[in-house]
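# Understanding the architecture of this molecule
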Amino acid sequence: MAHQMHVRGKYLVGENANVLQNADDHMSSSMSEPELERSSHASSSDSECFEIERSVLLFGLTGKGKSTVANVLAKMFDDSMFPVSYESSSHTFDIDSREFIIDRYKLEIIDTIGLKDTRFGTDVVLKKLEKVTTFRAFRRGINQIFFVTNGRITKDDEEVFRSLEEIFGEKSVYDYVTVLRTGADRQFGRPEREQSDIDSLLRNQHGRVLVEKVGRERIVHISNPQPEGSNPTWLETRQKSRKVLMDHLEKCNSLFLPEASKKHFHLLVDHARGSDEEKRLRREIHEMRRERDQALEEIQRKNRALEEASRRNLELRQELEKRKKDSTCFIL
């Protein structure tokens with residue numbers, strides 16, 4: 001695990017001054033006031049020790065490995081910075097933005113809540129995404145949006161990918177998107193297999209959309225095995241993945257300056273809330289119809305039982321009348 005040192009309102013993590021996090025509540029309560037003062041002076045000088053500044057927004061379906069990518073970018077190879085779940089469900093419940101100074105880079109990494117998360121309504125997810133507009137990267141501009149996915153591209157992947165245009169309000173957003181193929185254990189580091197994987201995406205109706213929007217050169221394969229798992233070379237593999245990501249980011253010089261504002265997000269949230277309310281009402285109507293159909297079936301069952309009882313009663317009366325006639329004839 002990388003060495004960590006707290007400074008006023010920020011993190012310094014790594015060999016020298018690796019991570020800056022804008023969060024005063026992470027300040028160590030055990031530090032004295034003089035120590036805090038010395039740390040605050042140290043952070044101001046360390047924060048200038050970088051040559052390249054990049055901002056990255058992680059985006060995609062829930063459980064695809066966005067937080068793991070964030071940890072790898074931050075050189076936190078043991079996943080100790082951004083919360084990670086190794087199951088299919090997400091462990092990210094809100095937007096998480098952190099600034100890092102690593103080697104000659106200054107990075108701002110924004111880890112977003114996974115879309116299509118069944119625990120949250122669409123309006124809740126969009127409301128959380130609105131927080132992006134408060135981050136420095138949003139005002140400065142975003143160098144790259146990493147759309148994180150793995151395995152076979154599904155309809156949900158395509159829908160979330162297409163939602164980038166709706167969320168940021170611009171078709172040009174795809175000029176700043178890189179598709180990250182995580183879990184590419186068989187393809188990673190093998191150019192011919194990586195190209196074969198891209199070919200397979202083009203044969204998939206949903207994957208074809210991704211490739212056509214961003215181009216083959218912005219489909220990047222990485223492999224992030226679980227820390228200390230069954231793969232003995234997990235650390236080396238993650239380090240190689242990070243180099244691939246940083247080499248790619250170094251070429252991403254231009255900035256995406258989205259015109260999407262809080263008002264735009266408010267409109268999306270209101271629209272989503274209306275859609276969710278409509279879905280709720282439709283579910284209620286469907287449930288009422290189901291209950292009505294069940295009640296009708298019960299009424300029909302009881303009517304059939306009543307008809308059967310009436311028929312049987314009539315047969316019994318007829319049988320009784322017949323017996324009376326037969327007994328009268330016998331007496332005579």
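Located above this text is the structure these notes cover.
Parameters at a glance
Residues numbered from 1 in each chain as written. Predicted model: local features only at pLDDT ≥ 70, side-chain atom pairs only at ≥ 80, totals over all residues. Heavy atoms only, no water. Helix = DSSP H or I, 4+ residues; strand = E, 2+ residues; numbered from the N terminus. Expected span 1.5 Å × (residues − 1). Buried < 20%, exposed > 50% of the residue type's maximum accessible area, 1.4 Å probe, protein only. Core = buried A, V, L, I, M, F, W, Y, C linked by side-chain atoms within 4.5 Å. Axes fitted to C-alpha atoms, helices over the stretch in contact; angles between N-to-C directions. Parallel < 35°, antiparallel > 145°, perpendicular 65-115°, else oblique. Left-handed = near helix turned anticlockwise from the far one by under 90°. Contact = heavy atoms within 4.5 Å. Nonpolar A, V, L, I, M, F, W, Y, C, P; charged D, E, K, R; others polar.

Its 17 residues give helix H8 (residues 234–250) an end-to-end C-alpha distance of 24 Å, which sits within 8% of 24 Å, the value for a rise of 1.5 Å per residue. Of the residues making up H8, those classed as buried are Trp234, Thr237, Arg238, Ser241, Arg242, Leu245, Met246, His248 and Leu249.

Let us now look at the environment of Glu170. By the secondary structure assignment, Glu170 is in the loop between helix H5 (155–168) and strand E8 (177–181). Taking the C-alpha atoms as reference, Glu170 lies 10.0 Å from Leu257; in sequence the two are 87 residues apart.

Moving on, we get to the nonpolar core. Among the nonpolar cores identified, the biggest contains 34 residues, and Phe59, Ile145, Phe161, Leu164, Phe168, Val173 and Val177 are the most heavily contacted of them. Those elements that provide at least two residues to this core are strand E4 (52–59), helix H4 (136–140), strand E7 (144–149), H5, E8, helix H6 (191–203) and helix H7 (207–214). Core analysis: the second largest hydrophobic core is formed by 26 residues, Ile52, Leu58, Phe77 and Leu180 among them.

One way to put it is that H6 packs onto H7 with a least axis distance of 6 Å and a crossing angle of 115 degrees. The angle between H6 and H7 places the two elements in the roughly perpendicular class. Note that H6 runs across H7; the crossing there is left-handed. For the pair formed by H6 and H7, the contact residues are Ile198, Leu201, Leu202 and Arg203 on the first element and Gly207, Arg208 and Val211 on the second. Per-class residue counts for the contact of H6 with H7 are four nonpolar, one polar and two charged.

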